[in-house]
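# Close look at the chain arrangement
Now for the letters of each chain:
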Amino acid sequence: MRITVFGATGNVGRRVVAEAVERGHEVTAVGRDPARLADLPAGVETRAGDAARADDVAELSAGQDLAIGATRPPAGREGSLVTMAEALLAGAARTGVRLLLVGGAASLRVPDTGGLAVDDPRYVGAAWRDIALACCAQFEACRKETGADWTYLSPPALLEPGDRTGRYRLGGDEMLLDGDGRSRISMEDFAVALLDEAERPRHRGARFTVAY
């Protein structure tokens, strides 16, 4: 597959690029700062671009089989996540490319309460509430979109660097918990799940989640 990854220099984006290359896909990695793209795996095409600009998204995803949005704004600019989601959706709609969007856990339902994770301090502390609210708005932007072929992947509550095991469970709109009540996955296995969906689409026009 020919895949363009927006946000390729971020924690998740780098792992998505590495997983896609390992599987033999042709990857174009996009970031606003070309210097930060220099240390990506050999064979990756690097391009400068802004995921918040629909024109850039359309130009850099035209002719590709898939675009992946793995963008994450810095603290203090959480609202730009929605701007980027809208631009990614608009650019994908313009070119017809399939879009896989890395989202957040905030809009997942919590199994024991039925409420949303964003309102549950067990999963979203005060320090994370701004980005959690932005992720909820990001998901709403997808739900309102009618012109793009999108899929939204929500991580579990805890997403951090770790090992690649190739193991995960699939869910829908409800947070997945393990036997100890934890909701977690490594970034490496999150990338595995994302590329599995890329290769074998099962959630077009929908959201899904993964966890151990």
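Everything in this summary refers to the structure shown in the same document. Please read these numbers as outputs of a predicted model, since none were measured by experiment.

## Side note on the pattern of salt bridges
Tallying each qualifying case throughout the model produces 22 salt bridges. Between Asp-178 and Arg-184 there is a salt bridge, with its nearest N and O atoms 3.8 Å apart. Between Arg-200 and Glu-199 there is a salt bridge, with the nearest N and O atoms lying 3.7 Å from each other. Of the residues examined, Arg-200 reaches a relative accessible area of 48% and is grouped as partly exposed. One salt-bridge network, in which partners are shared between bridges, spans Glu-19, Arg-23, Arg-164, Asp-196, Glu-199 and Arg-200.

## Let's talk about the side chain of Ser-107
Along the chain, Ser-107 turns up in the loop between strand 5 (98–102) and helix 4 (129–144). Looking at Ser-107, its side chain comes within polar contact range of the side chain of Arg-207, at 3.0 Å. Once you skip the residues sitting within four places of it in the chain, Ser-107 turns out to touch Leu-116, Cys-136, Phe-139 and Arg-207.

## Looking at the packing of helix 2 (residues 54–61) against helix 3 (residues 80–95)
The contact between helix 2 and helix 3 brings their axes to 8 Å, and the two run at 45 degrees. In terms of their interaxial angle, helix 2 and helix 3 are classed as oblique. In this structure, helix 2 crosses over helix 3, and the sense of that crossing is right-handed. Touching Ala-54, Asp-55, Val-57, Ala-58 and Ser-61 of helix 2 are Ala-87, Leu-88, Ala-90, Gly-91, Ala-92, Arg-94 and Thr-95, all from helix 3. A per-class count over the contact of helix 2 with helix 3 returns seven nonpolar, three polar and two charged.

The rules we used
- Residues numbered from 1 in each chain as written.
- Predicted model: local features only at pLDDT ≥ 70, side-chain atom pairs only at ≥ 80, totals over all residues.
- Heavy atoms only, no water.
- Salt bridge = Lys/Arg side-chain N within 4 Å of Asp/Glu carboxyl O.
- Buried < 20%, exposed > 50% of the residue type's maximum accessible area, 1.4 Å probe, protein only.
- Helix = DSSP H or I, 4+ residues; strand = E, 2+ residues; numbered from the N terminus.
- Polar contact = N/O pair within 3.5 Å; in protein donor to acceptor, adjacent residues only side chain to side chain.
- Contact = heavy atoms within 4.5 Å.
- Axes fitted to C-alpha atoms, helices over the stretch in contact; angles between N-to-C directions.
- Parallel < 35°, antiparallel > 145°, perpendicular 65-115°, else oblique.
- Left-handed = near helix turned anticlockwise from the far one by under 90°.
- Nonpolar A, V, L, I, M, F, W, Y, C, P; charged D, E, K, R; others polar.

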